[in-house]
Amino acid sequence: MSLFKNPIKVNWKTVLIHVAVWLIYLLINNALLFSSDVAHLYIRQMPFTFSLVAILFYTNTYAIVEPCIRHRQYVRLVLYTILLLIAYILVRYWLFYTFLPALGITTVYSQTFMMINKFLPDSLWLAMQYILFSYGYWFALYSIRLERARRQHDQQLAALQAEKSKAELAFLRAQLNPHFLYNTLNFFFADALMVSPKLADSIMALSQMLRSVSEVSHQSLVPVSQELAYIRSYLKIQQYRFGNQLHVTLCISGEEHENYLRIPPLILISLVENVFKYGDVFDPAIPATLSVTLTDDKISFASTNRKKNSRITPRVV
């Protein structure tokens, strides 16, 4: 999140606040001047002079300080501030010695000798005063943005923590259903064992598959042995389902490596399911073949089967 958002977002609320602050400041700052002998001169030139310092203030804040600090151009910041100071003195000189006299307004600098003794010191003092005010104003804005960003970050962090807690709770709740399902399948297995060992074996295979899916749901890698056990259970259920009509052969070589090699979970079963989905697994003349070859650092999977109403198609992974 950037702390250097464009601060010039015009809205009436902001404008009114700035105008009110300026008016209050001018009244307090010039209260003593109104009681002096030259009060009428200050009052007549005040709209011009303080419009000029307001332009100086906002120009330095948003056109110099903001972009220079955002891009970390500190040398340019100092240089532009000096140029702005010179420009302010020149414009102020034109205002008091050309523009206001042309309007018939007498100023406090009407006498020539005041150019060095009063005009330059006053101009430098006012310019430096409002330039420093603009620096303070910008750093106050920056501090407010920083605090808002910190609060927003804390709120986002709290929201993420709440989402994490909800996810953990949902995960714990999800764990209750599989346990209930496993217990129910075990109950079915015990009852089916007395009626049909074949049915009981199918129920046990299904229970093992569901348990494997539940265990690997939060794992990025699993042993190949676990994946192969899932495939064996899947084929066993399919065999019970189709009986002698199913012709699928599973060949595994290098079984001594299956406990050491690790792969992403359920990646091989997707290939096996594709064989059943797109292949002809009921042709005794050309049975589907699933081959898994394991070495020290490599896993190879190959399947050969006839497509449904098509020719033999080998696939190798």
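Described below are features of the structure shown in this document. Remember, predicted model here, so these are calculated numbers, not experimental data.

**Let's talk about the overall build of the protein**
Right, on to step 1. Each helix and strand counted, the protein has seven helices and seven strands in total.
Right, on to step 2. Listing every helix and strand of the protein by position from the N terminus yields α-α-α-α-α-β-α-β-β-α-β-β-β-β.
Right, on to step 3. A buried classification covers 33% of the 317 residues belonging to the protein.
Right, on to step 4. Carbon and sulfur atoms provide 65% of the accessible area of the protein, an area that totals close to 20,200 Å².

**A few points about the environment of glycine 254**
Right, on to step 1. Turning to its location among the elements, glycine 254 is positioned in the loop between strand 2 (248-253) and strand 3 (262-263).
Right, on to step 2. Residue glycine 254 is classed as buried on the basis of its relative accessible area, which comes to 17%.
Right, on to step 3. Measuring from C-alpha to C-alpha, the distance between glycine 254 and threonine 293 comes to 6.1 Å, with 39 residues separating the pair along the chain.

**A short note on the nonpolar core**
Right, on to step 1. Judged by nonpolar contacts, the single largest core of 27 residues is most densely connected at Leu56, Val65, Leu77, Tyr88, Phe96 and Tyr130.
Right, on to step 2. When residues of this core are assigned to their parent elements, the largest contribution, nine residues, is made by helix 2 (residues 39-70).
Right, on to step 3. Counting residues in hydrophobic clusters, the runner-up holds 23 residues, among them Leu228, Tyr230, Ile263 and Ala288.

**Digging into the pattern of salt bridges**
Right, on to step 1. A full pass over the atoms with the stated rule returns nine salt bridges.
Right, on to step 2. For glutamate 66, the salt bridge identified is with arginine 145, shortest N-O distance 3.5 Å. Residue glutamate 66 is found in helix 2, and its partner arginine 145 is found in helix 4 (residues 114-195); the two are separated by 79 residues along the sequence.
Right, on to step 3. With relative accessibility at 2%, the residue glutamate 66 sits in the buried group.
Right, on to step 4. With its nearest N and O atoms 3.1 Å apart, the salt bridge here joins glutamate 147 to arginine 151. You can see glutamate 147 and its partner arginine 151 sitting in helix 4, four residues apart, about one turn around the helix.
Right, on to step 5. The exposure class assigned to glutamate 147 is partly exposed, which follows from its relative accessible area of 30%.
Right, on to step 6. For arginine 151, a relative accessible area of 51% corresponds to the exposed category.

**Some remarks on the side chain of serine 233**
Right, on to step 1. If you trace the backbone, serine 233 turns up in helix 6 (residues 224-242).
Right, on to step 2. Each residue touching serine 233, except ones within four places of it in the same chain, is listed here: Ala205, Gln208 and Met209.

**With respect to helix 6**
Right, on to step 1. The end-to-end C-alpha distance of helix 6 is 27 Å, a good match for the 27 Å that 19 residues give at a rise of 1.5 Å each.
Right, on to step 2. All buried positions along helix 6 are accounted for by Val224, Ser225, Glu227, Leu228, Tyr230, Ile231, Ser233, Tyr234, Leu235 and Gln238.
Right, on to step 3. Positive backbone phi, approximately 65°, marks glycine 243, located one or two places after helix 6.

**Section: the packing of aromatic side chains**
Right, on to step 1. According to the stated counting rule, one finds 15 aromatic pairs in the structure shown.
Right, on to step 2. Relative to phenylalanine 119, the ring of tyrosine 97 has its centre 5.5 Å away and its plane inclined at 80°; by these criteria the two rings are edge-to-face. Taken together, the residues tyrosine 97 in helix 3 (residues 74-102) and phenylalanine 119 in helix 4 connect sequence positions 22 residues apart.
Right, on to step 3. Classification of tyrosine 97 by relative accessible area gives partly exposed; the value is 23%.
Right, on to step 4. The structure contains a cluster of three or more aromatic residues connected by ring pairs, namely Phe57, Tyr58, Tyr62 and Tyr137.

**Focus on a nonpolar patch on the surface**
Right, on to step 1. A contiguous nonpolar patch, built from Val78, Leu79, Tyr80, Ile82, Leu83, Ile86 and Leu90 and spanning about 650 Å² of accessible area, is present on the exposed surface.
Right, on to step 2. Tracing the backbone shows valine 78 in helix 3.

**Focus on the pairing of strand 6 (residues 299-307)**
On a regular strand, one side chain projects to one face of the sheet and the next to the other, so that they alternate.
Right, on to step 1. Examined bridge by bridge, strand 4 (residues 279-280) and strand 6 share two bridges and lie antiparallel to one another. When the sheet's bridge partners are listed, glycine 279 is paired in strand 6 with lysine 307.
Right, on to step 2. The pairing of strand 5 (residues 288-294) with strand 6 spans six bridges and is classified as antiparallel. Note on strand 6: the bridge partner recorded for threonine 293 is serine 300.
Right, on to step 3. Here strand 5 folds back onto strand 6 in antiparallel fashion, the turn holding four residues.

**Things to note about helix 3**
Right, on to step 1. Over its 29 residues, helix 3 runs 40 Å from end to end, which matches the ideal 42 Å to within 8%, given 1.5 Å per residue.
Right, on to step 2. At leucine 95, helix 3 shows its largest kink, close to 40°.

Conventions and cut-offs
- Residues numbered from 1 in each chain as written.
- Predicted model: local features only at pLDDT ≥ 70, side-chain atom pairs only at ≥ 80, totals over all residues.
- Heavy atoms only, no water.
- Helix = DSSP H or I, 4+ residues; strand = E, 2+ residues; numbered from the N terminus.
- Buried < 20%, exposed > 50% of the residue type's maximum accessible area, 1.4 Å probe, protein only.
- Areas by Shrake-Rupley, 256 points an atom, 1.4 Å probe, with all protein chains shown as cover.
- Core = buried A, V, L, I, M, F, W, Y, C linked by side-chain atoms within 4.5 Å.
- Salt bridge = Lys/Arg side-chain N within 4 Å of Asp/Glu carboxyl O.
- Contact = heavy atoms within 4.5 Å.
- Expected span 1.5 Å × (residues − 1).
- Phe/Tyr/Trp six-rings, centres within 6.5 Å; stacked < 30°, edge-to-face > 60°.
- Patch = residues over 30% accessible without salt bridge, like charges linked within 9 Å, V, L, I, M, F, W, Y side chains within 5 Å.
- Pairing = 2+ DSSP bridges.
- Bend = angle between axes of the 7 residues up to and from the residue.

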